[in-house]
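Now for the letters of each chain:
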Amino acid sequence: MENHKKILIVDDDPDIREILKILLGSEGYLMLEAEDGERAINIISNDKTIELMILDIMMPGLSGVEVCQKIRIFSKIPILFLTAKSQDKDKIEAYSDGGDDYLVKPFSQTELLLKVNALIRRYKLYNGNQSGTQLTLN
């Protein structure tokens, strides 16, 4: 894994943000955080070096799904929903409105790390391969 990839954590719960900062920070990621959707949109629109957003759905003000819709207007950044909402209808809405992956709280730390690494890897591959040539995987 390459070090110093930036991840934005968007969750109104400071304890969740802290857990994610510790977990992902120990893996070499640089962590940014936002406590609400408006702040997240501002951060993403002003910092093009962020490579992943971890987004809660249930937040005051804009919901995570609304944030995702607004960000999709101007960014292709991978969005991993990390939420307590576990119903199929919630997952369908999240994926349909631009989410790239979904993980239900409480979550497995291993599964979170695997998803984060995979999303960032694919984002880097596809952004670096705009010509449409076929990727060769070893």
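Here the structure is shown first, and the text comes after it.
For the structure given in this document, a descriptive report is provided here.

1. Thoughts on the pattern of salt bridges
Moving on, step 1. What the rule picks out here adds up to 12 salt bridges.
Moving on, step 2. When the shortest N-O distance is used, the salt bridge between Lys105 and Asp56 registers 3.7 Å. Taken together, the residues span a long stretch of sequence, with Lys105 in the loop between strand 5 (101–104) and helix 5 (109–128) and Asp56 in the loop between strand 3 (50–55) and helix 3 (64–72) at a distance of 49 residues.
Moving on, step 3. Classification of Asp56 as buried rests on a relative accessible area of 5%.
Moving on, step 4. With a shortest N-O distance of 3.7 Å, Lys89 and Asp90 are connected by a salt bridge.
Moving on, step 5. Residue class for Lys89 comes out exposed when judged on its relative accessible area of 60%.
Moving on, step 6. Note on Asp90: relative accessible area 6%, which makes it buried.
Moving on, step 7. Within the structure, one salt-bridge network assembled from shared partners comprises Arg17, Glu18, Lys21 and Glu33.

2. Some details on the nonpolar core
Most often, soluble globular proteins keep nonpolar side chains buried together rather than apart.
Moving on, step 1. Among the nonpolar cores identified, the biggest contains 22 residues, and Leu8, Met53, Leu55, Val67 and Phe81 are the most heavily contacted of them.
Moving on, step 2. Where this core is concerned, the elements lending two or more residues are strand 1 (6–10), helix 2 (37–46), strand 3, helix 3 and strand 4 (79–83).
Moving on, step 3. Ignoring anything within four residues of it in the chain, the contact list for Leu55 reads Val10, Gly64, Val67, Cys68, Ile79, Leu80, Phe81 and Leu82.
Moving on, step 4. The next biggest cluster of nonpolar side chains, apart from the first, holds 19 residues, and it includes Ile54, Leu82, Leu103 and Leu119.

3. Focus on the sheet that holds strand 3
Moving on, step 1. Pairing in this open sheet of 5 strands is parallel, and the strands run 2-1-3-4-5 from one edge to the other. With one partner strand each, in any of the chains shown, strand 2 (30–34) and strand 5 form the two edges of the open sheet. With strand direction ignored, the average angle separating the axes of adjacent strands in the sheet is 20 degrees.
Moving on, step 2. Bridge count between strand 1 and strand 3: 5 bridges; the pairing is parallel. Of the residues in strand 3, the one forming a bridge with Ile7 is Leu52.
Moving on, step 3. Across the sheet, helix 2 lies against strand 1, strand 2 and strand 3, angled at about 140 degrees from strand 2, the strand it touches most.
Moving on, step 4. Each of strand 3 and strand 4 touches helix 3; the most contacted strand, strand 4, lies at about 175 degrees to it.

Rules behind the numbers
Residues numbered from 1 in each chain as written. Predicted model: local features only at pLDDT ≥ 70, side-chain atom pairs only at ≥ 80, totals over all residues. Heavy atoms only, no water. Salt bridge = Lys/Arg side-chain N within 4 Å of Asp/Glu carboxyl O. Helix = DSSP H or I, 4+ residues; strand = E, 2+ residues; numbered from the N terminus. Buried < 20%, exposed > 50% of the residue type's maximum accessible area, 1.4 Å probe, protein only. Core = buried A, V, L, I, M, F, W, Y, C linked by side-chain atoms within 4.5 Å. Contact = heavy atoms within 4.5 Å. Pairing = 2+ DSSP bridges. Axes fitted to C-alpha atoms, helices over the stretch in contact; angles between N-to-C directions.

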